[in-house]
Amino acid sequence: MRLTEENIGLEDIAVRASDTDRFYDATIPFFFSSSQEVAGEHATLFGMGISELSASEQKTWVIVRTRMDFARIPKWREKLTFETFPQKGYKLFCPRVVMARDEKGEPVMNAMTHWVLMDLVRKRPIPAKMVEDRFNIKYEYRFQDPDIGKIRKYEDEEKIEVFEEKTYYPNYFDIDLNKHVNNVAYIRWCCESIPDEILLGYKIATIDVQWESQTFEGEMVRVETAVTRREEGKLDLVHRIKKECDDKIVFEANSYWKGK
């Protein structure tokens with residue numbers, strides 16, 4: 001990763017064939033995994049990576065929310081430059097922006113992410129001021145509004161079509177360094193719950209997700225997806241993931257699509 005004079009991180013990432021669908025369009029999980037990768041690399045450069053924090057300070061990062069807007073969907077072999085920087089604290093959150101541009105410098109994706117730095121011993125969030133100091137933030141003119149509103153809850157939405165539920169049993173490869181299901185696994189499961197006819201006819205415009213609770217290896221989950229609006233060239237979906245054992249909600253998402 002390259003650092004600018006303002007401590008903004010830049011990373012070049014090419015879209016691989018394994019990151020695409022049958023039309024060689026980059027998938028939604030590709031953007032989430034890439035965004036979290038560059039966020040982690042940037043934090044590591046400042047001694048704030050998960051492995052360093054957990055080993056030496058008994059702290060860890062927890063992602064709570066991401067809203068991701070797409071200008072367009074890139075193709076296989078396109079080279080993107082991801083740009084990332086943390087902002088000053090917002091409520092309990094440490095907001096971080098992640099953007100992607102193509103080789104012409106044109107915008108592809110913009111994401112506002114909300115992270116919490118957790119004290120593993122006390123099981124409490126750490127004030128965001130600590131993050132501001134250690135990242136040496138000095139680019140306030142580039143800040144984006146961290147207030148992205150409340151997510152639409154699945155149970156509160158009027159649904160015009162409900163799709164067949166999917167169940168998943170987290171396995172060895174779904175578990176991350178924090179010993180729970182990796183954040184991107186939830187994104188993948190939600191995408192897999194969308195019927196093929198929608199994926200064939202629409203492209204993602206915006207996805208807004210919220211991680212509610214942890215899931216561990218061996219805990220079966222149920223994915224629910226429904227349509228809340230269907231107009232000419234527009235489609236809105238709501239998603240929810242619950243634990244099968246106790247019906248506890250672990251993940252909520254809203255996705256907005258436009259016709260191809």
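Definitions and cut-offs
Residue indices begin from 1 for each chain and proceed along its sequence in written order. Totals for whole chains, interfaces and linings use all residues, but because this is a predicted model, local features are given only for residues with pLDDT of at least 70 and pairs of side-chain atoms are given and counted only at 80 or more. Side-chain numbers here rest on the full set of heavy atoms in the structure, without hydrogens or water. Relative accessibility decides the category of a residue: with a 1.4 Å probe and only protein chains considered, values under 20% of the type maximum give buried, values over 50% give exposed, and everything between is partly exposed. Helix and strand definitions follow DSSP, with helices as H or I runs of at least four residues and strands as E runs of at least two, each counted in order from the N terminus. By the criterion applied in these results, polar contacts are pairs of N or O atoms within 3.5 Å in which, for protein atoms, one can donate a hydrogen and the other can accept it, and in which residues neighboring in sequence qualify only through two side-chain atoms. The span you would expect from a helix comes to 1.5 Å times its residue count less one. Any two cysteine sulfur atoms lying within 2.5 Å of each other are counted as a disulfide. Think of a salt bridge as a Lys or Arg side-chain nitrogen and an Asp or Glu carboxyl oxygen that are within 4 Å of each other. Only centres within 6.5 Å qualify two rings of Phe, Tyr or Trp (six-membered ring in Trp) as a pair; their planes then separate them into stacked at under 30 degrees, edge-to-face at over 60, and tilted for everything else. Counted as over-ring charges are cases with an Arg CZ or a Lys NZ within 6 Å of the ring centre that also lie within 35 degrees of the ring normal.

With respect to helix α4 (residues 183-192)
Among the ten residues that make up α4, eight are buried, leaving the element largely enclosed by the rest of the structure. Listing the buried residues of α4 in full gives N183, V184, A185, Y186, I187, W189, C190 and C191. Its side-chain oxygen 2.8 Å from the backbone nitrogen of V184, N182 forms the N-cap of α4.

So, helix α1 (residues 28-45)
For α1, which comprises 18 residues, the first-to-last C-alpha distance of 26 Å matches the rise-based estimate of 26 Å (1.5 Å per residue) to within 8%. Listed in full, the buried residues belonging to α1 are I28, P29, F30, F31, F32, S34, S35, Q36, V38, A39, H42 and A43.

Points about the state of the cysteines
Scanning the model with the defined rule gives zero disulfides in all. No disulfide involves C245; its sulfur sits 18 Å from that of C190, the nearest cysteine. A relative accessible area of 62% means that C245 is categorised as exposed.

Some details on the pattern of salt bridges
Throughout the structure, instances matching the rule amount to 27 salt bridges. Among the salt bridges present, the one from R2 reaches D12, with a minimum N-O distance of 3.1 Å. With R2 in strand β1 (residues 2-3) and D12 in strand β2 (residues 9-14), this residue pair connects regions lying ten residues apart in the sequence. Look at R2 and you get partly exposed, because its relative accessible area is 40%. Classification of D12 as partly exposed rests on a relative accessible area of 47%. Among the charged side chains, a salt-bridge network with shared partners connects E165, R222, E224, R240, K242, E244 and D247.

Thoughts on the packing of aromatic side chains
The final tally for this structure, using the stated rule, is 14 aromatic pairs. Where F30 meets F82, the ring centres are 6.4 Å apart and the plane angle is 75 degrees; that geometry is what we call edge-to-face. Taken together, the positions of F30 in helix α1 and F82 in strand β4 (residues 79-86) put the pair 52 residues apart, joining distant regions of the chain. Per residue, the accessibility class of F30 equals that of F82, and both read buried. Their ring planes at 70 degrees and their centres at 6.0 Å tell us that Y139 and F143 sit as a pair that is edge-to-face. Pairwise contacts between aromatic rings join Y168, Y186, W189, W211 and F251 into one cluster. Taking the ring centre of W76 as reference, the NZ or CZ of R77 above it sits at 5.8 Å.

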